[in-house]
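# Per-entry structural report
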Amino acid sequence: MLKQFLLFCVVTAFLPRFLTWYYSVTINQPDEEYDFIIVGAGTTGNVIANRLTESSNVRVLVVEAGDNAYPNPLLSIPLLVPFLQQTSTDWMYRSEPQQHACKEHGNRVSLWPRGKVIGGSSCYNYMMYVRGDKHDYDEWAEEGAIGWDYKNILPFFKKSQNVGDPELSKKYHGTEGFIKTGYSYTSPMAETFIKAGQKIGYESGDYNAENTIGFHRLQSSIHNGLRQSSNEYLGSIVQERSDRLHIVGRAHVRQIVFEEGEDGRKRASGVIYVRDDVEVKVRARKEVIVSGGAVGSPQLLMLSGIGPKQHLNDMGIKLAADLPGVGQNMQDHVMAMAPFYGSKVPSKSTINDFTLLTGLPDYLMGNEGPLATCGIDATAFIRSPITKRKSIHSPDIQFIQLSAEWSTLGSSLNQKIVNIGEQVMEKMYETAKVRGSRIIYNFVIYNVLIRPRSVGEIKLRTNSYKDHPIIQPNYLSNQTDVDTMIEGYRVLEKLEQTKQFKDIEAKMDFSAMGCGDITESPRSAEFYECVIRAITLNVYHAVGTAKIGAPEDVMAVVDPRLRVYKVDGLRVADASVMPSIPSANTQAACYMIGEKAADMIKEDWKL
């Protein structure tokens, strides 16, 4: 009843705003020809669409498989984000069964939610605005992505951003971009978490500046209590530039069309998409830009004949360009839970059914309170001894502190936020009954691996655009990943010993993980490995499946200007081009890629 009541109240209050926002974003019938065709109206695609059509003589078509968001509060109200999964706006991808991870999941399969909607996965993320460490991007340049070092990309991070918080320095933050960011609402648990981190020797500050390492308040892409998605780049310009910017929704691109020049080299000349079972062919005078994400982009490239020669031959697809790196080099962040139970945690300190009800008026009256957050209060970045020994400067572990209480009364919201299997959920209920408490846990800290060594791949399942590709992330196949996460738990054990955690008697409780009921620290490495491999949660940060690289790198798919090797008139711009995964949530980097891509395209075409 709580969920239905919240949805009713919010829809009633905000329906007029949503109708205004999304009205008339798409068209039904495009023209036959445009200068540029962008495949995917997502986190990066919408950025490029906006920036290219700043030139009055440029005509752009954006083709998106999803539909308008319409007045959907789940897409705009931060705390309702968990209910987006398994809806019509979700691609509902699934990984292949994992040999080394997800042991307590059904069939050892990991869920891969992706936004199938105007705005893409920027409508699905948890709105954490994190850029990563500057060394992440300097490594990109060292690996062949010339011009993508931190110094060169910082202006594009700033260009996308509009931060109004005076605590955040303009040296590192932009004030004129489309994505409004800043510090969002936090529960009292954030202060406990940060002070405990300071107690064990970590600093606190702006993790998007020079010092990433530390325990920090969360910066988010939330403004005035509403999600900031890439649709902010569309806004009113869809009407203002209706002569040169068109968006077609519910249109699934099945193939990039190539023409052959006199020299035998292929050139992308357009796309074929399917809408309502009708095929439509549209021509691109200058370029096709693929922005389908780490899953969609390599799939479309391979369906169009660009990819590993033998794999395409096996699929019965005519080869346009032999690029063995397409679909390879896939990296993703994974995390494991650290549920905390504390008999003296004040109820008002966490998000629960009571605080949601009491906070509802604050949201309806002023867009404030728990509903204005994604449930995440604070984050931390640390370098484990493993990374220090290898002289790597970037952090390799992130903590995400989630102030969502879970009780035996049952909160569908909190269950969705945590996103664990039914078997584990039942064990948690049993644990609470044994100790005679209605509280299963008071808050969670996720232990996130942000520099994984395990590498996966995307391959075609069939040669039909209708079928999801094979997603094989190979989670935790490299033992170093597990060892690194164990070091993360060692830091959490130190938090257990701080005055801040002892005052509320907060301890990690793993009794429902199927690894034994060990309540006291230190726990063995074998115990933590069992926990990590049992509940392996996907963080939805897949990258690298069409990576930037130098011409001599046989696994590179695009050059540093994002042009696809061995063909003309084709670029890729999204998370798939990242040579390696940043030590951060990926939305900020995707906006940056869109800004830099648009700048390069304008420069190349003298727009």
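Heads up: these notes are all about the structure in this document.

Rules of the game
- Residues numbered from 1 in each chain as written.
- Predicted model: local features only at pLDDT ≥ 70, side-chain atom pairs only at ≥ 80, totals over all residues.
- Heavy atoms only, no water.
- Disulfide = S-S within 2.5 Å.
- Helix = DSSP H or I, 4+ residues; strand = E, 2+ residues; numbered from the N terminus.
- Buried < 20%, exposed > 50% of the residue type's maximum accessible area, 1.4 Å probe, protein only.
- Salt bridge = Lys/Arg side-chain N within 4 Å of Asp/Glu carboxyl O.
- Core = buried A, V, L, I, M, F, W, Y, C linked by side-chain atoms within 4.5 Å.
- Contact = heavy atoms within 4.5 Å.
- Polar contact = N/O pair within 3.5 Å; in protein donor to acceptor, adjacent residues only side chain to side chain.
- Expected span 1.5 Å × (residues − 1).
- Axes fitted to C-alpha atoms, helices over the stretch in contact; angles between N-to-C directions.
- Parallel < 35°, antiparallel > 145°, perpendicular 65-115°, else oblique.
- Nonpolar A, V, L, I, M, F, W, Y, C, P; charged D, E, K, R; others polar.
- Left-handed = near helix turned anticlockwise from the far one by under 90°.

### What about the state of the cysteines?
Tallying each qualifying case throughout the model produces one disulfide. The residue that forms a disulfide with Cys 515 is Cys 530, at a sulfur-sulfur distance of 2.0 Å. Its S-S torsion of about -85° marks the bond between Cys 515 and Cys 530 as left-handed, since a negative value means left-handed. Here Cys 515, found in the loop between β25 (506–508) and α15 (525–534), pairs with Cys 530, found in helix α15; they are 15 residues apart in sequence, far enough to count as distant. Here Cys 530 falls in the partly exposed class, since its relative accessible area comes to 31%. Distance from the sulfur of Cys 102, which forms no disulfide, to the nearest cysteine sulfur (Cys 515) is 14 Å. Accessibility expressed as a relative area gives 0% for Cys 102, which makes it buried. In this structure Cys 374 is a free cysteine whose sulfur lies 15 Å from that of Cys 123, the closest cysteine sulfur available. The class for Cys 374 is buried, based on a relative accessible area of 1%.

### Digging into the pattern of salt bridges
Side-chain pairing between opposite charges can occur once the charged atoms of the two side chains come close. All chains considered together, the criterion is met by 34 salt bridges. For Lys 286, the salt bridge goes to Asp 35, with nearest N and O atoms at 3.4 Å. Separated by 251 residues along the polypeptide, Lys 286 in strand β14 (residues 278–290) and Asp 35 in strand β1 (residues 33–39) bring together distant segments of the chain. Side by side, Lys 286 and Asp 35 carry an identical accessibility label, which is buried.

### Examining the nonpolar core
With 188 residues, the main nonpolar core has Trp 148, Ile 306, Phe 399, Tyr 489, Leu 562 and Leu 570 as its most contacted residues. Here the element with the most residues in this core is helix α16 (residues 587–604); it accounts for eight residues. Those residues in contact with Leu 570 that lie beyond four places of it in its chain are Ile 256, Phe 258, Ala 268, Val 288, Val 290, Leu 301, Ile 306, Leu 562, Arg 563 and Val 564.

### Structural notes on the environment of Arg 561
Of note, Arg 561 is situated in the loop between β26 (537–538) and β27 (570–572). By relative accessible area, Arg 561 is classed as partly exposed at 22%. Setting aside its immediate chain neighbours within four residues, Arg 561 contacts Arg 571, Met 600, Glu 603 and Asp 604. Reaching out from Arg 561, the side chain makes a polar contact with the backbone oxygen of Met 600 at a distance of 3.4 Å.

### Looking at α16
An α-helical turn contains 3.6 residues, so any two residues separated by three or four positions project in the same direction. Here α16 is 18 residues long and its end C-alpha atoms lie 26 Å apart, about the 26 Å a rise of 1.5 Å per residue gives. The element α16 is largely enclosed, with a buried count of 15 among its 18 residues. Looking at the residues trailing α16, positive phi occurs at Lys 606, about 55°.

### A closer look at the side chain of Ser 229
Relative to the helices and strands, Ser 229 is located in the loop between β10 (226–227) and α6 (237–240). Given the relative accessible area of 4%, Ser 229 is considered buried. Ignoring sequence-local partners within four residues, the contact set of Ser 229 consists of Ser 122, Cys 123, Ile 179 and Tyr 591.

### Section: the packing of helix α3 (residues 134–142) against helix α4 (residues 150–160)
Packed helices, taken two at a time, are described by the angle between their axes plus the distance between the axes. For the pair α3 and α4, the least separation of the axes is 9 Å and the interaxial angle reads 120°. On the basis of the axis angle, α3 is oblique to α4. Every residue of α4 that contacts α3 at Lys 134, Tyr 137 and Asp 138 is listed here: Tyr 150, Ile 153 and Phe 157. In the contact of α3 with α4, the residues fall into four nonpolar, no polar and two charged.

### Focus on α15
Those residues of α15 that fall on the buried side of the exposure criterion are Phe 527, Tyr 528, Val 531, Ile 532, Arg 533 and Ala 534. Those residues of α15 that are buried are in contact with β17 (334–342), α13 (479–496) and β25.

### A closer look at the packing of α13 against α15
The interhelical angle for the contact between α13 and α15, taken along N-to-C directions, is 110°, at an axis separation of 9 Å. Relative to α15, α13 is oriented roughly perpendicular. Relative to α15, α13 is oriented so that their crossing is right-handed. Facing α13, whose interface residues are Gln 479, Val 482, Met 485, Ile 486, Tyr 489, Arg 490 and Glu 493, α15 presents Ala 525, Tyr 528, Glu 529, Val 531, Ile 532 and Arg 533. A class-by-class count of the residues in the contact of α13 with α15 yields eight nonpolar, one polar and four charged.

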